[in-house]
Amino acid sequence: MRIPIKRLGAAVLAASFLVSIFTCGCSRSSKNAIKDESGLVLSGKMPDKLPDGLSWYDFTEDTAITDYLAETIGGYFISDITWFSDHIWVFLSETEPKLPVYHIMSFDKDNKVYCDFVIRNEFGDNISLESLVLGDRLYISAYDFASREQYLYPVDESTGSISPDNKVVLTKNSQGNDASNRFCFAGNDAAVLKREQSTSVELIDLAAGTVKKKVSVDNISRDFHIKFAEGILYAGDNKVIVWGSTSSNFNFGRIRYCLVDLETGNISALDEMEYINIPLRNLTYCNGHLVTVTDGGVYNIDVDTGTCKMALSFNCSLCNRYLANNSELKYADDDTFIFSYTSSYSGANRIPFPICTFTRTDEYPAAGKNILTVASTEDLDYSISEAIMRFNQDSDSSFMLFDNRYKTNNEIDYTNTDSTDKAALNSLNSYASVSDRLAMDIIAGEGPDILISNGANEQLSKKDYFIDLSDYLKNESGISESDFFTNAIEASRFNGALYQMPICFYVDGFLAPSDTTGGRNGLTFEEYLAMVKTACNGADPVYDHQLSFSRTEVATKLFANTSEKYINDGKINVDCEDFKAILDYCKDLPSKGYYEGKDVDAEWEDIMISKENMRVQPAVIYDFYEFEAFAEKFNDAVILGYPSVDGRTATIGSDMAVSISSHTGDESSCKKFVSILLSEDIQKTLYMNIPINKKCARDIALMEIAENNKNVDANEGKKFAKAGKKLDAALADAYIGQLSTATTSAFIYHSISLIIYEEIPAYFEGQKSFEDVAKVINDRAQKVLDERK
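These figures come from a predicted structure and were not determined experimentally.

Now for the packing of helix 11 (residues 551–561) against helix 12 (residues 577–587). Remark: helix 11 packs on helix 12, axes separated minimally by 9 Å, with the N-to-C direction vectors making an angle of 155°. In terms of orientation, helix 11 and helix 12 fall into the roughly antiparallel class. Considering the relative orientation of helix 11 and helix 12, their crossing is right-handed. Residue-level inspection shows Arg551, Val554, Ala555, Leu558 and Phe559 of helix 11 in contact with helix 12, the latter providing Phe579, Ile582, Leu583, Tyr585, Cys586 and Lys587.

The following block contains the structure:
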């Protein structure tokens, strides 16, 4: 069984895709003038020669090192990978022995082992060896729990060896602080982020072992909304970057980077600098540069000169940009960029952990090809990026460029630290801005040829914007609809047309033993509350242990699940018993989300343990893991829908959907790209989503079952090992069967959902009657619908 990744409100985002009020301005310039971040024009043909300052890079994705480790060591955990002295260095620990066994290994350019230094118990029980650190040479950082000292052990370049007697004392913690400190090298010194009674940066003279200066960074919380300083990066002479999350609750937090001047003590938000015109993420300090990696490429940031310049464009390479964008940059010069990809995900269907290399070349295979543009409202995932790469490798006539103009997460509200409702409204407004630009750009012929979204976009579900893919799916795709989850496809139709073809999907509802629901997959409000009373001891699982929902969010979700009851032929009416039933149910829920204001990271284990023991569990099912974990505790699991007036089944929505613009000049090539997305090769890479291909979803489930059973056998009789439970292969068929019961569409009238979100709290709080609230909603929403006619 694999470990789940904590999702940041994915169900909320999926339920609030795009808002449709035409209020924003839009440039009407010719698409010939629209360029990507590197300066490439996003239309016509690829130039015969790349513009000055741009180079083409070959891309390689090599798993030779991790393949070697799997073959020779078996179970292992990689602590760190880096590049030093023309070698890849890996620090790892074996997972099988009772006592830790560490390896410091290096590999040459052909991925052959150069050295392998094995550490068993030479450092004693009090020393924790932690990671590779690159400074004037290569070190292993460590923490001594007895002395509370933090050490650097120099690594011998020839043998990989380190010695307990050869160490540099980096810093010492005060009494009661038993955690190592984050630090970075700053020239010949080290800058240490100390988090004790106060938070500060200490500049330490490594040769003398003395503190040269100490700069307080306590105000990063008050002035820059960083709740907890998590890390530090070198940023140039007497400058460091201190970063952390804007909330102790992962549902709301965003990483923010602050520039600290060690001379003056001044602190400023890096994202507020005039020269920063890109979203900051994955910041590292590499070979003399502060570097950020985005969907578009690699940027060098110079805080002294105030510049942010692209060093590598992913549009100038046949690459999987996800792997680079979610990897750590380990080495960079004018000719070579080396990334190492690791992931917190582990399981039978995981992405291999490759070393990714970009190498400058004089070859330029895209010259003269017709340009297709693909845009995404979300961060690109592995599968979409792989499909783009394969299309560009295979097409003789077209080349696909990524158009980064429509990302919904480019603007972040760093002040949103605790409010569930504020987080949801900020997300809705972000999608609103993107929706307006997409609609107007597509009509003007300036939009992308292909859009990747999370679907459920009522506004753009029109033939004026996208083509209906129904005929393609039936007559041109070469695939049988019976091979796919037809319920997911049907749920993606709008007025019978398939403007957004789901590539993968999720199911939102509950997991419950069959005997608690009478074997049914949907319950009315009355039936649901009766089940809560008997099976849940009166604790409504809609609220208990939901990751972030407030009652306003729940009400908006339940409205979306039944929106066809209230909106017909361009008319809306929520002044009815069905809508009142939703509000009356939600009115009895607590006003705040379960996690709001809590330190979720600290409470995560207790919360999840209590959730696992609930007989009825709220679950957004993205893959087999949720179903598998529930089946280990309860027999005969069913997927249950949210309560409704008519007992609807679980909500089904596309986590990724593809649309083809009605204004594209190359519909044939666009359809070839869709076919790549639907191919088994790509569908089987959807490791964090349910593939739309039913066979692939079943095969992945069987892989996970086999992996689980293998681990159960391996852990049998081992002290402290989790015993687990062996699973029958029939569980894969039960999983497919239950997924197929979900039929409730996740389409949202997003602008109207915003209005509902704003108006219904007055009813919940007793400030207005239902009739008054319904009238305001009807009046406001009707104006929106009338504007679209």
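Okay, back to it.
Our focus in this paragraph is the sheet that holds strand 15 (residues 239–245). The strands making up a sheet associate through backbone hydrogen bonding, with each pair oriented either parallel or antiparallel. Taken together, the four strands give an open sheet; going across it, the order is 14-15-16-17, and neighbouring strands pair in antiparallel fashion. Single-partner strands in this sheet number two, and they are strand 14 (228–236) and strand 17 (267–269). Here the strands of the sheet are splayed against their neighbours by 30° on average, with no regard to which way each runs. As paired elements, strand 14 and strand 15 share seven bridges and run antiparallel to each other. Looking across to strand 15, one finds that Tyr234 is bridged to Val240.

If you look at the biggest cluster of nonpolar residues, it comprises 61 residues, and the most contacted ones within it are Phe485, Phe505, Val507, Ile621, Phe673, Tyr735 and Leu739. Residues contacting Phe505, with those up to four places away along its chain left out, are Phe485, Ala488, Tyr622, Ile652, Gly653, Ser654, Asp655, Asn689, Ile690, Pro691, Ile692 and Leu739. By size, the runner-up hydrophobic cluster in this structure holds 45 residues, among which are Ile567, Phe579, Phe764 and Ala774.

Here we take up the confidence of the model for the chain. For the chain, the average pLDDT comes to 86, and 87% of its residues sit at 70 or higher. Across residues 1–29, confidence stays below pLDDT 50; counting only partners more than four residues off in sequence or on other chains, it has 104 contacts.

Enumeration according to the criterion identifies 37 salt bridges in this entry. Taking the shortest distance from any N to any O, the salt bridge between Arg405 and Asp403 comes out at 2.7 Å. Residue class for Arg405 comes out partly exposed when judged on its relative accessible area of 24%. For Asp699, the salt bridge goes to Lys695, with nearest N and O atoms at 2.9 Å.

Once that is clear, we can look at the environment of Asp396. Here Asp396 shows up in the loop between helix 5 (382–394) and strand 26 (398–403). The class for Asp396 is exposed, based on a relative accessible area of 75%. Along the sequence, Asp396 and Pro365 sit 31 residues apart, while their C-alpha atoms lie 9.5 Å from each other.

Moving on: helix 10 (residues 525–535). Considered for burial, the residues of helix 10 that qualify are Phe525, Tyr528, Met531, Val532 and Ala535. Each buried residue of helix 10 lies within a common arc of 125° when the element is viewed along its axis, so the set occupies one face. Among the exposed residues of helix 10, those oriented more than 90 degrees off its buried face are Glu526, Lys533 and Thr534. Tucked inside the fold, the buried residues of helix 10 contact strand 28 (501–513), helix 9 (514–517), helix 11, helix 12 and strand 32 (637–640). Two residues or fewer past helix 10, Asn537 is found with a positive phi of approximately 55°.

With that settled, consider the packing of aromatic side chains. For the coordinates displayed, the defined rule picks out 32 aromatic pairs. For the pair Trp56 and Phe399, a centre-to-centre distance of 5.8 Å together with 55° between the ring planes defines the contact as tilted. Taken as a pair, Trp56 in strand 1 (residues 56–62) and Phe399 in strand 26 lie far apart in primary sequence, 343 residues in all. When its relative accessible area of 3% is taken as the criterion, Trp56 is described as buried.

Another aspect to go through is the pairing of strand 33 (residues 651–660). Within strand 33, ten of the ten residues are buried, which leaves the element mostly enclosed by the surrounding structure. As judged from the four bridges shared by strand 27 (residues 450–453) and strand 33, these two strands associate in the antiparallel manner. Counterpart to Ile450 in the pairing with strand 33 is Ile660. With seven bridges connecting them, strand 28 and strand 33 associate as antiparallel partners. Along strand 33, the bridge assignment pairs Tyr506 with Gly653. Sheet analysis places strand 33 next to strand 35 (residues 744–745), joined by two bridges and oriented parallel. Paired with Thr651 across the two strands is Thr744, which belongs to strand 35.

Thresholds, definitions, all that
- Residues numbered from 1 in each chain as written.
- Predicted model: local features only at pLDDT ≥ 70, side-chain atom pairs only at ≥ 80, totals over all residues.
- Heavy atoms only, no water.
- Axes fitted to C-alpha atoms, helices over the stretch in contact; angles between N-to-C directions.
- Helix = DSSP H or I, 4+ residues; strand = E, 2+ residues; numbered from the N terminus.
- Parallel < 35°, antiparallel > 145°, perpendicular 65-115°, else oblique.
- Left-handed = near helix turned anticlockwise from the far one by under 90°.
- Contact = heavy atoms within 4.5 Å.
- Pairing = 2+ DSSP bridges.
- Core = buried A, V, L, I, M, F, W, Y, C linked by side-chain atoms within 4.5 Å.
- Buried < 20%, exposed > 50% of the residue type's maximum accessible area, 1.4 Å probe, protein only.
- pLDDT = per-residue confidence, 0-100.
- Salt bridge = Lys/Arg side-chain N within 4 Å of Asp/Glu carboxyl O.
- Arc of directions from axis to C-beta.
- Phe/Tyr/Trp six-rings, centres within 6.5 Å; stacked < 30°, edge-to-face > 60°.

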